[in-house]
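Coordinate inspection notes
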Amino acid sequence: MIKQIVVVGSGLMGRGIAYVGAVGGYAVTVVDINESALQNAKQEINHIIKKGLSLGKISSEKAEQAHSNLNFESDLSKAVAKADLIIEAVPEQIAIKKQVFETIEEFSPSHCYFATNTSTMSPTEIASFAKRPEKTIAMHFFNPVHKMPLVEIVRGLETSDETAETIREVATNMGKETVVIKEFPGFITSRISALVGNEAFYMLQEGLGTPEEIDKAIKLGLNYPMGPFELVDLVGLDTRLNNLNYLHEKLGEKYRPAPILEQYVKAGRLGRKSGKGVYDYTIEEELIKK
């Protein structure tokens with residue numbers, strides 16, 4: 001039975017996963033070597049809880065439970081010593097994930113399950129960094145985690161049926177719908193999202209329309225809740241570029257990143273997190289400060 005969850009990484013995804021885990025009734029420890037990042041994560045999770053309470057999304061009992069279930073730790077080896085499930089939510093760089101999995105293999109109990117929050121990368125390859133491939137799986141959460149209803153659960157080559165069912169139950173307890181699929185580069189959602197988003201950048205590069213016009217056409221014409229540029233600014237242009245480079249390597253030319261996307265990333269236009277992506281959020285931030 002899963003009781004203790006450790007989330008490795010306190011960024012946007014990590015803090016979101018920690019929130020839904022805590023609200024779902026699990027004891028959750030968020031781990032990050034950066035103390036400042038941990039404090040930011042704690043403040044953001046508290047804000048999400050407070051807002052959810054004010055909007056009636058969660059009860060006062062659930063809010064209190066979430067607060068009591070959350071812990072924050074900078075020592076990974078210490079944090080995982082009693083974990084039942086470890087969810088890695090570090091950046092989509094294989095070297096970083098390798099380091100995390102080697103550490104958690106050494107210091108976590110033998111019964112512990114390993115999950116990687118990845119949108120494109122191979123859970124089979126990531127499982128090879130540890131010694132329990134039958135207990136390793138991918139849990140692809142979506143941003144923002146507390147609002148998006150789906151978790152895409154991806155089995156690696158040696159993932160057991162028991163592991164897949166256990167992780168599906170955990171996601172359900174977190175309030176999520178699930179699909180359990182076999183591994184293939186990009187899974188289901190990232191392959192489609194990457195194609196649409198990349199094509200939008202090619203349209204922008206060709207002068208077909210402004211970002212606003214392209215987003216409006218996609219939202220109203222295809223009934224998407226967000227336009228591709230609104231979405232990439234939320235997810236991060238660097239994250240999208242990393243995903244496209246991976247898919248281009250694995251699946252071929254149709255995923256070659258648009259040159260203008262590469263330019264934006266080189267210019268530091270990474271989206272909302274940097275204040276400017278396809279759209280400029282600095283004016284919005286100034287208005288909020290006032």
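Structural data are supplied above this passage.
Residues numbered from 1 in each chain as written. Predicted model: local features only at pLDDT ≥ 70, side-chain atom pairs only at ≥ 80, totals over all residues. Heavy atoms only, no water.

1. Points about helix α2 (residues 35-54)
An α-helical turn contains 3.6 residues, so any two residues separated by three or four positions project in the same direction. For the record, the criterion: Secondary structure elements follow DSSP: runs of H or I of four or more residues count as helices, runs of E of two or more count as strands, with numbering from the N terminus. Expected span of a helix, by definition, is 1.5 Å for each gap between consecutive residues, and there is one gap fewer than residues. Each residue's exposure class comes from its accessible area (1.4 Å probe, protein chains only) as a fraction of the maximum for that residue type: buried when under 20%, exposed when over 50%, partly exposed otherwise. Directions from the helix axis toward the C-beta atoms define the arc. Residue contacts are counted whenever heavy atoms from the two residues lie within 4.5 Å of one another. For the purposes of these results, a polar contact is taken to be a pair of N or O atoms within 3.5 Å, where, inside protein, one atom must be able to donate a hydrogen and its partner to accept one; residues adjacent in sequence count only when each atom of the pair is a side-chain atom.
When the terminal C-alpha atoms of α2 are compared, their 29 Å separation across 20 residues agrees well with the 28 Å that a helix rising 1.5 Å per residue should span. The complete set of buried residues in α2 reads A37, L38, A41, I45, I48, I49 and G52. Down the axis of α2, the buried side of the element spans an arc of 110°, and every buried residue falls inside it. Summarising the geometry of α2, the exposed residues directed more than 90 degrees from the buried face are Q43, K50 and S54. Contact partners of the buried residues in α2: α1 (12-23), β2 (27-31), α3 (60-69) and β3 (70-73). The N-cap residue of α2 is N34: its side-chain oxygen and the backbone nitrogen of S36 are 2.9 Å apart.

2. Quick look at the sheet that holds strand β7 (residues 150-155)
Threshold: By this definition, two strands are paired if DSSP reports at least two bridges between them. For every element, the axis is a line fit to its C-alpha atoms; helices are fit only across the contacting stretch, and the angle between N-to-C directions ranges from 0 to 180 degrees.
Ordered by their spatial adjacency, eight strands build an open sheet running β3-β2-β1-β4-β5-β6-β7-β8, and the pairing between neighbours is mixed. Among the strands making up the open sheet, the edge pair consists of β3 and β8 (177-182). Across this sheet, the average inter-strand angle for adjacent strands is 25°, counted without regard to direction. Strand direction decides the pairing type here: β2 and β3, joined by four bridges, are parallel. Paired with V30 across the bridge in β3 is F72.

3. Some points on the environment of T163
With respect to the element layout, T163 can be found in helix α7 (residues 161-173). Residue classification places T163 among the buried positions, given a relative accessible area of 0%. Distance from T163 to G14, taken between C-alpha atoms, is 21 Å for residues 149 residues apart in sequence. For T163, the residues in contact, after removing those within four places along its chain, are Y113, E134, K135, T136 and I137.

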